[in-house]
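Structural description and commentary
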2 protein chains.
Amino acid sequence: MYIQSVEVLDKRFKMGEGAGSDATHTNPQYSYAVCVLKTNTSIEGIGLAFTLGAGNDLVCKAIHYLSVKLKGVEIEALMADFGTAYRQLADEPSLRWLGPHKGVVHLALAAIVNACYDLWAKSRRVPLWKLLLDLSPEELVNTLDLSYLEDELTRAQAIDLLKGELAGRSRRSEVLTTGYRGYDTSVGWFNFSDELIVEKTKQALDKGFTAFKLKVGSDDPLRDLRRAALIRQTAGDAATIMLDANQKWNVPRALDICQRLGSINPYWIEEPTHPDDVFGHRAIARAIAPFKVATGEHIPNKVIFKNFLQAKAMDFCQVDAVRVGGVSEFLTISLLSKKLGIPVVPHVGDMGQIHQHLVLFNHIGMGHENLFLEYIPHLRPYFVHPATIVDGFYQVPQEIGSSSDLKI
Amino acid sequence: MYIQSVEVLDKRFKMGEGAGSDATHTNPQYSYAVCVLKTNTSIEGIGLAFTLGAGNDLVCKAIHYLSVKLKGVEIEALMADFGTAYRQLADEPSLRWLGPHKGVVHLALAAIVNACYDLWAKSRRVPLWKLLLDLSPEELVNTLDLSYLEDELTRAQAIDLLKGELAGRSRRSEVLTTGYRGYDTSVGWFNFSDELIVEKTKQALDKGFTAFKLKVGSDDPLRDLRRAALIRQTAGDAATIMLDANQKWNVPRALDICQRLGSINPYWIEEPTHPDDVFGHRAIARAIAPFKVATGEHIPNKVIFKNFLQAKAMDFCQVDAVRVGGVSEFLTISLLSKKLGIPVVPHVGDMGQIHQHLVLFNHIGMGHENLFLEYIPHLRPYFVHPATIVDGFYQVPQEIGSSSDLKI
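Residues numbered from 1 in each chain as written. Chains lettered and ligands numbered in written order. Predicted model: local features only at pLDDT ≥ 70, side-chain atom pairs only at ≥ 80, totals over all residues. Heavy atoms only, no water.

**A short note on helix H13 (residues 278-288) of chain A**
In an α-helix there are 3.6 residues to a turn, and that puts residues three or four apart on one side. For the record, the criterion: Each residue is placed in one exposure class: buried if its accessible area under a 1.4 Å probe, protein chains only, is under 20% of its type's maximum, exposed if it is over 50%, and partly exposed if it falls in between. Only runs of H or I of at least four residues qualify as helices and only runs of E of at least two qualify as strands under DSSP, and these elements are numbered from the N terminus. Residue contacts are defined here by distance: any two heavy atoms, one from each residue, within 4.5 Å place the two residues in contact. Identification of polar contacts relies on pairs of N or O atoms within 3.5 Å, with a donor-acceptor requirement for protein atoms, meaning one able to donate a hydrogen and the other able to accept it, and with residues adjacent in sequence counted only if both atoms are side-chain atoms.
Buried within H13(A) we find Val278(A), Phe279(A), Gly280(A), His281(A), Ile284(A), Ala285(A) and Ile288(A). In this structure, the buried residues of H13(A) make contact with helix H12 (251-261), strand E7 (268-270), strand E8 (292-295) and helix H14 (302-310) of chain A together with helix H13 (278-288) and helix H14 (302-310) of chain B. Of the residues that open H13(A), the one with a side-chain oxygen 3.5 Å from the backbone nitrogen of Phe279(A) is Asp277(A).

**Topic: the interface of chain A and chain B**
Spelled out, the test is: Each of two parts loses accessible area, computed with a 1.4 Å probe, when they are put together; buried area is these two losses added. Salt bridge, as used here: a side-chain nitrogen of Lys or Arg that lies within 4 Å of a carboxyl oxygen of Asp or Glu.
Listed per partner, the contact involves 57 residues of chain A and 57 residues of chain B. Summed over both partners, the interface of chain A with chain B comes to about 4800 Å²; 62% of that surface belongs to carbon and sulfur atoms. Considering only the surface of chain A that becomes buried against chain B, Trp97(A), Leu98(A) and Phe279(A) emerge as the three largest contributors, covering 18% of it. Along the contact surface separating chain A from chain B lie six salt bridges. The shortest N-O distance in the salt bridge between Asp277(A) and Lys306(B) comes to 2.7 Å. Summed over the shared surface of chain A and chain B, the result is 27 residue pairs in polar contact (both at pLDDT 80 or more).

**Brief notes about the environment of Asp22(A)**
All names here are of chain A. In this fold, Asp22 is placed in the loop between strand E1 (3-12) and strand E2 (31-39). Take Asp22: its relative accessible area is 5%, and that puts it in the buried class. For Asp22 and His274, which are 252 residues apart along the polypeptide, the C-alpha to C-alpha distance reads 15 Å. With sequence-adjacent residues up to four places away left out, Asp22 is seen in contact with Phe190, Lys215 and Asn246. Within the structure, Asp22 has its side chain in polar contact with the backbone nitrogen of His25 (distance 2.6 Å). Of the polar contacts made by the side chain of Asp22, one reaches the side chain of Asn246; its length is 3.0 Å.

**Some details on the environment of Ser170(B)**
All names here are of chain B. Mapped onto the elements of the fold, Ser170 is located in helix H8 (residues 169-172). Looking at Ser170, the relative accessible area reads 62%, which means it is exposed. For the pair formed by Ser170 and His355, sequence separation is 185 residues and the distance between their alpha carbons is 21 Å.

**Brief notes about the state of the cysteines**
We count it as follows: For this text, the term disulfide refers to a pair of cysteine sulfurs within 2.5 Å.
Taken as a whole and judged by the stated rule, the model has zero disulfides over all chains. Here Cys258(A) is not cross-linked by a disulfide; its sulfur's nearest cysteine counterpart is in Cys317(A), at 19 Å. The thiol sulfur of Cys35(B) is not disulfide-bonded, and the nearest other cysteine sulfur, from Cys116(B), lies at 7.0 Å. Here Cys35(B) falls in the buried class, since its relative accessible area comes to 0%.

**Focus: the UniProt feature "domain: Mandelate racemase/muconate lactonizing enzyme C-terminal" (unreviewed entry) in chain A**
Our working rule: UniProt positions are given in the numbering used here, feature names are shortened, and annotations may be inferred rather than shown by experiment.
With numbering aligned to this structure, UniProt lists the feature "domain: Mandelate racemase/muconate lactonizing enzyme C-terminal" (unreviewed entry) at residues 194-290 of chain A. Taken end to end, residues 194-290 of chain A is 52% helix and 13% strand, and its two terminal C-alpha atoms sit 28 Å from one another.

**Section: the sheet that holds strand E2 (residues 31-39) of chain B**
All names here are of chain B. Put simply, the rule is: At least two DSSP bridges between two strands are required for those strands to pair. Axis definition: a line fitted to C-alpha atoms, over the contacting stretch in the case of helices. Angles run 0 to 180 degrees between N-to-C directions.
Strand order in the open sheet made by the three strands is E1-E2-E3, with antiparallel pairing throughout. Each edge of the open sheet carries a strand with a single partner, namely strand E1 (3-12) and strand E3 (44-51). If you compare each strand with its neighbour and ignore which way they point, the axes differ by 15° on average. Judged from the eight bridges that link them, E2 and E3 form a sheet pairing that is antiparallel. What sits directly across from Tyr32, in E3, is Phe50. Along the sheet, helix H1 (residues 56-67) contacts E1, E2 and E3; its crossing angle with E1, the most-contacted strand, is approximately 175°. Strands E1, E2 and E3 of the sheet are contacted by helix H4 (residues 103-123), whose axis makes an angle of about 150° with E3.

**Overview of the relation of the copies chain A and chain B**
Threshold: For the least-squares superposition of copies, only C-alpha atoms count, and only for residues with pLDDT at least 70 in both.
Expressed as a screw operation, the relation of chain A to chain B combines 0.0 Å of axial shift with a rotation of 180°, fitting to an RMSD of 0.0 Å. Such a combination of turn and shift is consistent with a two-fold rotation axis. Using C-alpha coordinates, one finds that chain A approaches the rotation axis most closely at Gly103(A), a distance of 2.2 Å. Counting the interface residues of chain A, we find that 100% of their copies in chain B are interface residues as well, pointing to one common contact surface.

**Comments concerning the side chain of Asp244(A)**
All names here are of chain A. Along the chain, the position of Asp244 falls in strand E6 (residues 240-244). Judged by relative accessible area, which is 0%, Asp244 ranks as buried. At a separation of 3.0 Å, a polar atom in the side chain of Asp244 contacts the main-chain amide nitrogen of Asn246. With residues up to four places along the chain from it excluded, the contact list for Asp244 reads Lys213, Leu214, Lys215, Val216, Glu270, Glu271 and Glu297.

**Looking at the sheet that holds E1(A)**
Residues and elements named next belong to chain A. Read from one edge to the other, the open sheet built from three strands follows the order E1-E2-E3, with strand pairing classed as antiparallel. Each having just a single partner strand, E1 and strand E3 (44-51) make up the two edges of the open sheet. Within this sheet the neighbouring strands show an average axis-to-axis angle of 15°, counted without direction. Bridge count between E1 and E2: nine bridges; the pairing is antiparallel.

**A short note on the pattern of salt bridges**
Tallied over the full model, the rule gives 48 salt bridges over all chains. Asp57(A) is the partner of Arg12(A) in a salt bridge, and the nearest nitrogen-oxygen pair spans 3.6 Å. Here Arg12(A) is found in strand E1, whereas its partner Asp57(A) is found in helix H1 (residues 56-67), with 45 residues between them in sequence. Of the charged contacts in the structure, one is a salt bridge between Lys215(B) and Asp244(B), with a shortest N-O distance of 2.8 Å. With Lys215(B) in strand E5 (residues 211-215) and Asp244(B) in strand E6 (residues 240-244), this pair connects stretches of sequence that are 29 residues apart. Its relative accessible area of 5% is what places Lys215(B) among the buried residues. Each of Asp10(A), Arg12(A), Asp57(A) and Lys61(B) takes part in a single network of salt bridges with overlapping partners.

**Some remarks on the packing of H1(B) against H4(B)**
All names here are of chain B. Cut-off, in case you're wondering: Orientation is classified from the angle alone, with under 35 degrees giving roughly parallel, over 145 giving roughly antiparallel, 65 to 115 giving roughly perpendicular, and any other angle giving oblique. Left-handed describes a crossing whose near helix is turned anticlockwise from the far helix by less than a right angle; the clockwise case is right-handed.
Direction vectors running N to C along H1 and H4 enclose 65°, while the axes themselves pass 8 Å from each other. By the angle between their axes, H1 is roughly perpendicular relative to H4. For H1 against H4, the interelement crossing comes out right-handed. Residues Leu58, Val59, Ala62, Ile63, Leu66 and Ser67 of H1 pack against Val104, Val105, Leu107, Ala108, Leu109, Ala111 and Ile112 of H4.

**Looking at helix H12 (residues 251-261) of chain B**
Let me state the cut-off plainly: In this context, the arc is that of the directions from the helix axis out to the C-beta atoms.
Residues of H12(B) that are buried include every one of Val251(B), Ala254(B), Ile257(B), Cys258(B) and Leu261(B), and no others. Buried positions in H12(B), seen along its axis, are confined to an arc of 130° and lie on one side of it. Of the surrounding secondary structure, the elements contacted by the buried residues of H12(B) are H14 of chain A together with helix H11 (221-235), E6, strand E7 (268-270) and H13 of chain B.

Structure (structure tokens):
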């Protein structure tokens, strides 16, 4: 099976009132820059990169520029040494200047890389999670580009890590019978009224969710405190509540407000300040312990993740495969996190479609803790096989590929 | 004077054989995404962002998207509180997702911001360096966005820093009679033959240059060593020689090769590894002292510069105003560098046109050391007022604006 042509789609979706809003991104339109790999068969590889609407066309144009070399390539041959192909795409000598490894061009890479893995899984007629579990440690590492990580994770160390986890696989495969726990982000969008937050939290409790996220970062911290107390009161003391500031605070302000938000016993504070600020996050993490710091949706590549992990500036790694360089860089960052002892709890720009596969592999294949995965329902109607939650748990996807197919 | 419309130009230039090549960017085509602010007068503000050709159109498109709010704005009113306007542009809620503050969208911001300063200087009929020197400390800081720097540099501290340098201004203004020393990057491009490097170094010596840069990062380190020794031999023991690896090495390799390159007594090693790697650069800087580490052309914003400065991961700060968010963010990063004790030696994606103004202000107004400024002649024919070097010194520009006007 070989790639005959590349099609690019600019897909933007309607959102409900206030849905997806946070302190920084006040009026998002969830959108995908979509890479479609057409083959000499009826099978197509679909890859997504997530944006908030504006500029989605820039990512689409960059997919065109970056993907030209994929034409005529045979999929098994490509994936047998995908780490090398990845590096060539990521380091195209002139486009690289527009990053490197960040921004519009890197988002385009995400869509292309995700389409390659989707096509590979479909060509083998298995779901993505099973494709990854079926690979040997060497075969899996062959799909990764570990360049610039050699001071923390060599190829030999990556293979050894995966081999060391083979023994526990059958025990951890229990997750395939239980499903993977979800948490509900959609109870507490920034623009929701107090009444709506209470109503949505009650609905989520009825659906079996036990963990919830609230958007904070209001100009008036008292609003954050009031809304956090409302969720705590509605969900009860046993519930897990995460707070997400979406980069709104500077470091001194984050230190102040996070201390006060400790009163509702949050599980983590997410993106308390600028996503590039390694030392800012470290200062906050040290100050607010035992509450944790989560970040990653705006960390663009493995090198900056390496710095955050080295500095112990994050307690949870929220890498997102539709934001970094696709499944390949997601797995690279997951390996690095595992080696440095930090759990991975992905951000889901894909609404959990691809990540429901990746957390299964991370747990079974890599030995990452079985925690929970963000769930956002707003784009369910647009996916051919939307992720499905039953009693608060993601059901294990059985369709071939990465669950990225969109209805036309 | 108010902004009536915004025009965007995609300018790509012909390069000589091998010119501009380095170990990573093997075949560059120097290009500018140009923002033209048209006014109700014959004066236009011209702002540049620098790319290597591919994707320059993406930056141009992003200029269109970001600049819509500037239409109808009066230039003095805009610049009186430009820090606020800058933050609004940089934090456009949905385009921000494509960064934030990095990549294609941030390059577009550079072009827009530079056009604003150019227009402001032209409207006051002074060169940019004089415009900046004529501003009071409060007026200058009003043009900056210090958000996310509060843990290291508050508004009050920035103003105090500038006030503290007022007393030494007249002494430092001597640079206006001597000019600012240049160094020659164009003797040692990566694809140049050994013979051409020797010839170009001799020519540069004849023109009065005393400092030179060589591109390293060859697959065979012996090639780097041979060429470095050639330049040292040609230029003599008193010459200042900088080596530039353009991100080619991983950390262990950089540590190895930099030790060996120490034999030619280099002044600095530039971009020894991935530009995002704060701890990698710190490890290299500690290992190779007393040789220095320079970096910055690929550091996209003030927050990552803050981290490098906090970590003492750079000895020279090579911020580039056509790469970060324009003159405004350049000045912000220069202030931060001054406060944290690191000299600024800009990278010149603008071929020195704008930076010849900025280093004069950095020295006279901010008290930065009078060091030297990179000089690259390849685009001289395309500028209306090309920067001019006499006896190795940049001549102080006298024309109004930021010297960014391009011939059609």
